[in-house]
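A structural walkthrough
Below are the chains, spelled out letter by letter.
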Amino acid sequence: RMIQWVQSSFQDGPPRVIIVKSEALVEELSRYADSKKNVTEHDGEDEPFVAADGIINNGQDWFLSLLTSSENASNGIPGKSKQSPPTYSHPIKAPLVLSPKDGKTPICRFHNYALDGCKNGDACPFDHDHCHWCLKAGHVALSCNC
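Okay, so let's go over this structure. (Residues numbered from 1 in each chain as written. Predicted model: local features only at pLDDT ≥ 70, side-chain atom pairs only at ≥ 80, totals over all residues. Heavy atoms only, no water.)

Topic: the pattern of salt bridges
One pass over the structure, following the stated rule, counts two salt bridges. The salt bridge partner of D129 is K101, with a shortest N-O separation of 3.2 Å. Here the residue D129 occupies a position in the segment after α4 (109-113), and K101 occupies one in the loop between α3 (60-73) and α4, the gap between them amounting to 28 residues. Residue K101 is classed as exposed on the basis of its relative accessible area of 51%. The salt bridge involving D116 is made with K119; its shortest N-O contact spans 2.7 Å. The burial state of D116 is the same as that of K119; both residues are exposed. (Salt bridge = Lys/Arg side-chain N within 4 Å of Asp/Glu carboxyl O. Helix = DSSP H or I, 4+ residues; strand = E, 2+ residues; numbered from the N terminus. Buried < 20%, exposed > 50% of the residue type's maximum accessible area, 1.4 Å probe, protein only.)

A closer look at the packing of aromatic side chains
What characterises a pair of aromatic rings is the spacing of the ring centres plus the angle enclosed by the ring planes. What the rule picks out here adds up to one aromatic pair. On the basis of an interplanar angle of 90 degrees and a centroid distance of 5.1 Å, the ring pair of Y88 and Y113 is categorised as edge-to-face. One end of the pair, Y88, is in the loop between α3 and α4; the other, Y113, is in helix α4, with 25 residues separating them in the sequence. The partly exposed category is assigned to Y88, whose relative accessible area is 29%. (Phe/Tyr/Trp six-rings, centres within 6.5 Å; stacked < 30°, edge-to-face > 60°.)

Some points on the environment of F126
Mapped onto the secondary structure, F126 falls in the segment after α4. With 22 residues separating them along the chain, F126 and K104 place their C-alpha atoms 9.9 Å apart. Discounting chain neighbours no more than four positions away, the residues touching F126 are T105, P106, I107 and C108. (Contact = heavy atoms within 4.5 Å.)

Here you go:
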């Protein structure tokens, strides 16, 4: 989901600085670096490279390839993924996702990921209408086929 957020947040242009604290972004950078045979020392070319201190120099190409690969994986629809919904050891381990109906109300994680659903029923203040994974109405993440 981090890559999808990056895709939607930086459509107007790549950022000048990225601080990577995401395993998914680190994996993407590693794959890109491997595909370009990057080295930790700059050889004078304009190819992106990772310096010894972890700074990504000339990273615009990498960032743009990240946006392109993420767009292709989601068919150009931010928030939609072809991957199966994740399973969590506990519903609270799922990240907070806000309802598409108002952008403020969290989608109920217990309703979406607990085998017996949300125990609060109608008293629950969270959204029980939308899937936590694909954000569509009418089903829960445990049964999501998106």
